[in-house]
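Descriptive analysis of the structure
What follows is the residue order along each chain.
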Amino acid sequence: MPEQATIKLARAARRRGKSPSAQAGEFVREEIRHVRRGEHGARSTKQIIAIGLSMARRAGVDLPPPRKGQTTERTRRRAIRDYQAGHNAAARKPSRTRARATLRALRREGGQAASKEALSRHARSIVRQKSAFEKPLAAPKAVHARKKSSA
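Residues numbered from 1 in each chain as written. Predicted model: local features only at pLDDT ≥ 70, side-chain atom pairs only at ≥ 80, totals over all residues. Heavy atoms only, no water.

In terms of regular secondary structure, the protein chain is built from 7 helices and 0 strands. Since a compact globule built from 151 residues should have a radius of gyration of about 15 Å, the 16 Å found for the protein chain is in line with a globular shape. In terms of overall dimensions, the protein chain has a C-alpha envelope of 45 × 35 × 35 Å along the principal axes. The proportion of buried residues among the 151 residues of the protein chain is 26%. Within the protein chain, contacts between residues at least 6 apart in sequence are counted, and of these 63% link residues at least 24 apart. As displayed, the protein chain offers around 11200 Å² of accessible surface, 54% of which is attributable to carbon and sulfur atoms. Side chains of the protein chain carry 39 positive and 11 negative charges; the gap between the two charge centres is 2 Å. (Helix = DSSP H or I, 4+ residues; strand = E, 2+ residues; numbered from the N terminus. Rg over C-alpha atoms; globule rule 2.2 N^0.38 Å. Buried < 20%, exposed > 50% of the residue type's maximum accessible area, 1.4 Å probe, protein only. Contact = heavy atoms within 4.5 Å. Areas by Shrake-Rupley, 256 points an atom, 1.4 Å probe, with all protein chains shown as cover. Lys, Arg positive; Asp, Glu negative; His and termini not counted. Charge placed at Lys NZ, Arg CZ, Asp CG, Glu CD.)

Structure, rendered in structure tokens:
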């Protein structure tokens, strides 16, 4: 369950016209904080990000599920289910047993996935996956986003 402060920050980002991925970033930051504080661990940085994106979709952020071929079909189906849960007024209450089991499993994991080194390593590996065509397109987007946030 996301913290109320995170939901407020995501809504404020939406009001400022930020992209859905920027809104979802608040949920990812919250997960990183949880792992760093030791509330639970994570097997990898990728898992922390996945948990944050899932929470964002369930909280109603308009973050579309990944397109076919971007991820495994299982991950895609899960993202679709999360997205629908966040956009459906008649949301069912989550199972306490399942939530407790998930948290216990995460508590058995370590906290290194949220370290600065691990996050940096993950970001670099993502950039390495981008094609030569995609790389120069990212810089103007970042500048544009920075201008928006400072205005």
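After that view, the rundown keeps rolling.
A few words on the pattern of salt bridges. Under the criterion given, the structure shown has 6 salt bridges. The residue Arg29 makes a salt bridge to Glu26 at a minimum N-O spacing of 3.2 Å. Linking Arg29 with Glu26, this pair stays in helix α2 (residues 20-37), spanning 3 residues, or about one helical turn. Taking the relative accessible area as the measure of exposure, Arg29 reaches 44% and is therefore partly exposed. In this structure, Asp82 and Arg78 form a salt bridge, with 3.8 Å as the shortest nitrogen-oxygen distance. Taken as a pair, Asp82 and Arg78 lie in helix α4 (residues 73-86) at a separation of 4 residues, close to a single helical turn. Through salt bridges with shared partners, a single network forms among Arg58, Arg78 and Asp82. (Salt bridge = Lys/Arg side-chain N within 4 Å of Asp/Glu carboxyl O.)

This part takes up α4. Given a rise of 1.5 Å per residue, 14 residues ought to cover 20 Å, and the 20 Å separating the end C-alpha atoms of α4 matches this to within 8%. Looking at the buried side of α4, the elements it contacts are α3 (45-58). (Expected span 1.5 Å × (residues − 1).)

The next subject is the environment of Arg81. One can find Arg81 in helix α4. Judged by relative accessible area, which is 45%, Arg81 ranks as partly exposed. Note: C-alpha distance between Arg81 and Ile49 (32 residues apart in sequence) is 17 Å.

If you look at the biggest cluster of nonpolar residues, it comprises 8 residues: Ile7, Ala10, Ala24, Phe27, Met55, Ala56, Val61 and Leu63. Setting aside its immediate chain neighbours within four residues, Ala10 contacts Gln23, Glu26 and Phe27. One finds Val28, Ile32, Ile48 and Ala113 within the second-largest nonpolar core, a separate group that totals 7 residues. (Core = buried A, V, L, I, M, F, W, Y, C linked by side-chain atoms within 4.5 Å.)

Moving on, we come to the packing of α3 against helix α6 (residues 116-129). In contact at an axis separation of 9 Å, α3 and α6 are set at 85° when each is read in the N-to-C sense. Comparing the axis directions of α3 and α6 gives the class roughly perpendicular. From α3, Thr45, Lys46 and Ile49 reach across to α6, where they touch Ala118, Leu119 and His122. Taken together, the residues of the contact of α3 with α6 break down into 3 nonpolar, 2 polar and 1 charged. (Axes fitted to C-alpha atoms, helices over the stretch in contact; angles between N-to-C directions. Parallel < 35°, antiparallel > 145°, perpendicular 65-115°, else oblique. Nonpolar A, V, L, I, M, F, W, Y, C, P; charged D, E, K, R; others polar.)

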